[in-house]
Amino acid sequence: MKKLITAVVAASLSAAAVAHDMVPGKTQEQPVLLQGGTLNTVTNGVLADTDLLFENGKITAIGSNLAVPENARVIDVTGKQVYPGIVALDTTLGLIELAAVRATNDLSEVGDITPEVSGHTAYNPDSEVIPTVRYNGITHAEIVPQRNLIAGRSSLLQTDGWTFEDAAEALNVGVHVNWPRVGINTSWWERRSPEEQRKANAEDLKKLKAAFVDAKAYYDAKQANELNGTDVRWEAMTGLFDGSSKLFVHAHDKRQMEQAMELASEWGFELVLVGARDAWRIADKLAAQDISVVYGEPYGLPTRHDEAYDQAYAAPAALAAAGVDFAIAYSTGFWDIRNLAFAAGNAVAFGLDKDQALAAITLKPAEVMGVADKIGSLEVGKHASLFVSDGDVMDQLGQKVRLMFIDGAEVDLNNRHNQLYQKYRQKP
């Protein structure tokens, strides 16, 4: 018993050691007026030397020389850049702390078909990683279950809050599918023969399609009031059939994406392709069918011998040129999503329009998650989820986030990385 108690205490201390000590922001209590900044509105261009006022968590006025409300907090942001909060899609933020420690890893559930899993239920708002990523302007992150054939449902959470309920922006937005492989893996670690791989790929695709058939049968029975009980798996997929949920398909190979497009068309699902490394190869088809893409390979390496070194960097520009509705993500990242704004900036260096790049990490992700009426741009009536930077947020050398507000609540920008920096800059 003594050993058990000791182990429990040790585990508790270990958990405490990886919990950050930043206190979530308090609900806005007084008007805040940002004076004289350069507003990157996303929807209405760049407004120089412009004021922005927000009250009770929402933007109430934008213009020059705005009147100062009674009891307002006035902040001079002259010469600084004001942006809507960055929205990071396809992340595992709060689901994993240390990759080498299994007890901190809540990425996936047991089984192949687990649509009932919700990413937000395993989200750890005390993760040390969260303050480090919001320091680069990320106010919202989509939390996505991983690995399984049908992995579960994702939710969009704010990066500041005591619990997932506090942080919730949109829960259970869509069902995530990891599309079965279509090709043969020739890597040295693959032990199966080509025949065994083809068989496994076919079986996975059959299993996936069967799951949709079962889910539809459950939905039809529910509509007819003929259910004999609740099946949490198929209950989680009912939104796909009534249009209240989206189907997020994680796929990179062109053939995978085309198969997913056929299935979505057959069932009438609203499809979002995630990862989508080969999306540039079928850009015209994606644009014609109005399929959204969450491009998750902004720093990817060439995957074929005949691809240019900059294929991944130039893909966003190619998607934009074809008229594809896309967002940029740092797929399945957690700590590395702090570089999301820089990935968008890199895409600008390789041909993407700067305004489109900013929209791809703000408004476009908000549209994918169905919350563009609340966040993603600086507009009167939208939530005051924004930040102030010394320079261009997409420039690694120029940006420095000074202030952040989420729904009008000021966010503590201190973080573990900054603490270590302050510590070691004093070392002799």
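Above this text you will find the structure in question.
Residues numbered from 1 in each chain as written. Predicted model: local features only at pLDDT ≥ 70, side-chain atom pairs only at ≥ 80, totals over all residues. Heavy atoms only, no water.

It is worth spelling out the nonpolar core at this point. Leu273 and Val293 are the most contacted members of the largest nonpolar core, which has 82 residues in total. Broken down by element, this core gets its largest block of residues, seven residues, from helix H4 (residues 194-223). A domain split of this core shows at least three residues from each of domain 1 (19-85 + 376-427) and domain 2 (86-375). With near-sequence residues (within four places) excluded, Leu273 lies in contact with Val249, Met257, Ala260, Leu286, Ile291, Ser292, Val293 and Val294. Leu156, Val173, Ala329 and Val371 belong to the second-largest nonpolar core, a separate cluster that totals 16 residues. (Core = buried A, V, L, I, M, F, W, Y, C linked by side-chain atoms within 4.5 Å. Buried < 20%, exposed > 50% of the residue type's maximum accessible area, 1.4 Å probe, protein only. Helix = DSSP H or I, 4+ residues; strand = E, 2+ residues; numbered from the N terminus. Domains from an automatic or database assignment. Contact = heavy atoms within 4.5 Å.)

Turning next to the pairing of strand S10 (residues 246-251). The buried count for S10 comes to six of six residues, which makes it a mostly enclosed element. Residue alternation in S10 divides its side chains into two sets, Lys246, Phe248 and His250 and Leu247, Val249 and Ala251, and both sets are buried. As paired strands, strand S9 (residues 168-178) and S10 are joined by five bridges and run parallel to one another. Among the inter-strand pairings, Asn178 is bridged to a residue of S10, identified as His250. Of the strand pairs in this sheet, S10 and strand S11 (residues 271-275) are connected by five bridges, and their pairing is parallel. Opposite Leu247, over in S11, you have Leu271 as the bridge partner. Each parallel crossover has a hand, and for S10 linked through helix H7 (residues 254-267) to S11 it is right-handed. (Pairing = 2+ DSSP bridges. Right-handed = clockwise from strand over helix to strand, strands pointing away.)

So, about the packing of H4 against H7. Look at H4 against H7: their axes get within 13 Å of each other, and the N-to-C directions meet at 15°. The angle between the axes of H4 and H7 places the two elements in the roughly parallel class. Handedness of the H4/H7 crossing: right-handed. On H7, the residues that touch Leu205, Lys209, Phe212, Val213 and Lys216 of H4 are Gln259, Leu263 and Trp267. Its residues assigned to classes, the contact of H4 with H7 shows five nonpolar, one polar and two charged. (Axes fitted to C-alpha atoms, helices over the stretch in contact; angles between N-to-C directions. Parallel < 35°, antiparallel > 145°, perpendicular 65-115°, else oblique. Left-handed = near helix turned anticlockwise from the far one by under 90°. Nonpolar A, V, L, I, M, F, W, Y, C, P; charged D, E, K, R; others polar.)

Looking at the element boundaries, Asn136 is found in the loop between helix H2 (129-134) and strand S7 (138-143). Within the structure, Asn136 has its side chain in polar contact with the backbone oxygen of Arg338 (distance 2.9 Å). Beyond its immediate stretch of four places on either side in the chain, Asn136 contacts Ile86, Arg338, Phe342, Val393, Gln399 and Val401. (Polar contact = N/O pair within 3.5 Å; in protein donor to acceptor, adjacent residues only side chain to side chain.)

For the rest of this paragraph, the subject is the side chain of Ser127. In this fold, Ser127 is placed in the loop between strand S6 (86-91) and H2. The exposure class of Ser127 is buried, given its relative accessible area of 0%. Of note is the side chain of Ser127, whose polar atom sits 2.6 Å from the side chain of Glu97.

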